[in-house]
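Chain by chain, the residues:
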Amino acid sequence: MRLATLFGITLSLAIGIGEVTLPVTQAVQLRDGLVYFVQPPKLVNATTTYKEVNVLSATYYFTINVPENAGESLQKVTIAQKEGAENIHYNLDDTRAFVGTRDRKETQLKLGSVTNDRDTRTVSVNFDPPVTPGQTITIALRPVSNPSFSGVYLLGVTAFPVGEKSHGQFLGFGRFQFYSNRGSWWFP
């Protein structure tokens, strides 16, 4: 028993004396200059404040975790509608982003340009300055209104690291189910 105690103390001292240094993680950059995340961000959650069709004051929240070992800051997020009966239109000037989640808003993030490509049904949200690794952030996107037609709408989320030639990492789909506010018992 004394030997085990002595070994434990010796091990503790050895760890305490030695200085542990972790290597600095760099982003992956190919010869052609294309930049990748070392560890990509993760889409944590996608929610809406209202699930009924035609609601004017809805907000769509996309929560993303940028891990400590991402290797590069988050420059841009794109949100592309991949499925749904009609195109969703947005009030781009009302787009916000903050550190934290929908329920635990912390620091407001400064945004660069927020644009919409109607042909690809894609909104691009640029961060200025970029989001540093080790943070959970939420993007609040405001539609003009919820869709007029009920059903499932899939919004694909892609994250881009800092770099002139950055490779987007697809994070997953935000799945929104919108319901008709009419009496559903009448319709099969």
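Just so you know, these numbers come straight off a predicted model, no measurement behind them.

Engineer: An account of the confidence of the model for the protein is needed here, citing residue identities and associated values.
Structural biologist: A low pLDDT means the predicted coordinates there should not be read in detail. Counting all residues, the mean pLDDT for the protein is 85, and 79% of those residues have values of 70 or more. At the low end of the mean pLDDT range in the protein sits helix H1 (residues 2–17), at 43; at the high end sits strand E4 (residues 60–66), at 98. Between residues 184–188, whose pLDDT stays under 50, and residues either more than four places distant or in other chains, the model counts one contact.

Engineer: Quick rundown of the sheet that holds strand E9 (residues 122–131)? Include the residues and the values.
Structural biologist: Reading across from one edge, E8-E9-E5-E11-E12 is the order of the five strands in this open sheet, with antiparallel pairing throughout. Since the sheet does not close on itself, it has two edges, and those belong to strand E8 (111–117) and strand E12 (169–178), each with one partner. Mean inter-strand twist for the sheet, computed between neighbouring axes without regard to direction, equals 20°. The sheet contact formed by strand E5 (residues 74–83) and strand E11 (residues 151–161) spans eight bridges and is antiparallel. Bridging across to E11, Ala80 finds its partner in Gly156.

Engineer: Run through the pairing of E11, naming residues and quoting values.
Structural biologist: Of all eleven residues in E11, ten are buried, a share of seventy percent or more. When E11 meets E12, the two strands line up antiparallel, connected through nine bridges. Residue pairing for E12: Gly151 is matched across the bridge by Phe178.

Engineer: Would you mind going over the sheet that holds strand E6 (residues 96–100) in detail, with residue names and values included?
Structural biologist: Here five strands make up an open sheet; going across it, the order is E3-E4-E10-E6-E7 and the pairing antiparallel. This sheet does not close on itself; its edge strands, each paired only once, are strand E3 (42–48) and strand E7 (105–108). Taken over all neighbouring pairs, the strand axes of this sheet differ in orientation by 30° on average, direction set aside. Where E3 lies against E4, six bridges are found, and the strand directions are antiparallel. What sits directly across from Ala46, in E4, is Phe62.

Engineer: With reference to specific residues and values, describe unusual backbone geometry.
Structural biologist: Of all residues except glycine, most have a negative phi; of all peptide bonds, most are trans. Note that the residue after Asp128, namely Pro129, is joined by a cis bond; omega there is 15°. Position of Pro129 among the secondary structure elements: in strand E9. Even without a glycine there, the phi angle at Asn54 is positive, about 65°. Relative to the elements of secondary structure, Asn54 occurs in the loop between E3 and E4. With a relative accessible area of 41%, Asn54 lands in the partly exposed category. One non-glycine residue, Arg121, lies in positive phi territory at about 55°.

The rules behind the values
Residues numbered from 1 in each chain as written. Predicted model: local features only at pLDDT ≥ 70, side-chain atom pairs only at ≥ 80, totals over all residues. Heavy atoms only, no water. pLDDT = per-residue confidence, 0-100. Helix = DSSP H or I, 4+ residues; strand = E, 2+ residues; numbered from the N terminus. Contact = heavy atoms within 4.5 Å. Pairing = 2+ DSSP bridges. Axes fitted to C-alpha atoms, helices over the stretch in contact; angles between N-to-C directions. Buried < 20%, exposed > 50% of the residue type's maximum accessible area, 1.4 Å probe, protein only.

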